[in-house]
Amino acid sequence: MKKKTLVIGASTDTARYSNMAIKKLVDKQQPVVALGLRKGEVEGVKIENEQILFPDIDTVTLYVGPKNQPEYYEYLVALNPKRVIFNPGTENPELYKILEQNNIEYQNACTLVMLGTNQY
């Protein structure tokens with residue numbers, strides 16, 4: 001099943017997990033959009049550096065640490081995704097509460113592992 005995914009914290013640096021996630025999503029033929037600090041491109045996916053309200057986002061996968069997440073709180077709620085995946089190191093109880101209040105599911109998981117084991 002296709003699940004349009006927004007990668008927040010996207011990077012053109014091939015050593016970054018967000019970069020690996022974009023590549024794996026493309027490989028698994030999942031529609032993907034990306035948001036990062038700097039514009040760029042990974043596997044044909046443009047990395048935007050402004051909070052664009054992308055339509056029909058099913059999943060947001062976070063690669064931004066908790067101290068940098070507050071600037072995304074309103075944006076995440078406005079996107080109204082079905083779920084948000086908190087990759088290792090991004091866990092944030094304050095954001096969990098905001099998501100719960102807005103009926104948005106969340107998971108503490110690893111997007112790369114989920115994709116690799118067909119649990120995405």
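Here, every reference points to the structure presented above.
What comes next concerns the included structure. Everything numeric in this text was worked out from a predicted model, so none of it was measured.

1. Re the overall build of the chain
Then comes step 1: Counting its secondary structure elements, the chain contains four helices and seven strands.
Then comes step 2: Against the 2.2 N^0.38 benchmark of 14 Å for 120 residues, the chain shows a C-alpha radius of gyration of 13 Å, consistent with a compact globule.
Then comes step 3: When the 120 residues of the chain are sorted by exposure, 48% land in the buried category.
Then comes step 4: Here the contacts in the chain between residues at least 6 apart in sequence split such that 54% fall between residues at least 24 apart.
Then comes step 5: Surface accessibility of the chain: about 6700 Å² in total, with carbon and sulfur atoms responsible for 47%.
Then comes step 6: With 14 positive and 14 negative side-chain charges, the chain shows a spacing of 5 Å between the two charge centroids.

2. Structural notes on the pairing of strand 7 (residues 105-108)
Then comes step 1: The pairing of strand 6 (residues 83-86) with strand 7 spans four bridges and is classified as parallel. Residue pairing for strand 7: I85 is matched across the bridge by Q107.
Then comes step 2: Since strand 6 and strand 7 lie parallel, the crossover through helix 3 (residues 93-101) that links them has a hand, and here it is right-handed.

3. A few points about the packing of aromatic side chains
For any pair of aromatic rings, the description consists of the separation of the ring centres together with the inter-plane angle of the planes.
Then comes step 1: Under the defined criterion, the tally for this structure stands at three aromatic pairs.
Then comes step 2: Ring centres 4.9 Å apart and planes at 85° place the aromatic pair F86 and Y96 in the edge-to-face group. Here Y96 lies in helix 3 and F86 lies in strand 6, a separation of 10 residues in the sequence.
Then comes step 3: Centre to centre, the rings of Y96 and Y106 are 4.4 Å apart; their planes meet at 5°, and the pair counts as stacked.

Cut-offs applied
Residues numbered from 1 in each chain as written. Predicted model: local features only at pLDDT ≥ 70, side-chain atom pairs only at ≥ 80, totals over all residues. Heavy atoms only, no water. Helix = DSSP H or I, 4+ residues; strand = E, 2+ residues; numbered from the N terminus. Rg over C-alpha atoms; globule rule 2.2 N^0.38 Å. Buried < 20%, exposed > 50% of the residue type's maximum accessible area, 1.4 Å probe, protein only. Contact = heavy atoms within 4.5 Å. Areas by Shrake-Rupley, 256 points an atom, 1.4 Å probe, with all protein chains shown as cover. Lys, Arg positive; Asp, Glu negative; His and termini not counted. Charge placed at Lys NZ, Arg CZ, Asp CG, Glu CD. Pairing = 2+ DSSP bridges. Right-handed = clockwise from strand over helix to strand, strands pointing away. Phe/Tyr/Trp six-rings, centres within 6.5 Å; stacked < 30°, edge-to-face > 60°.

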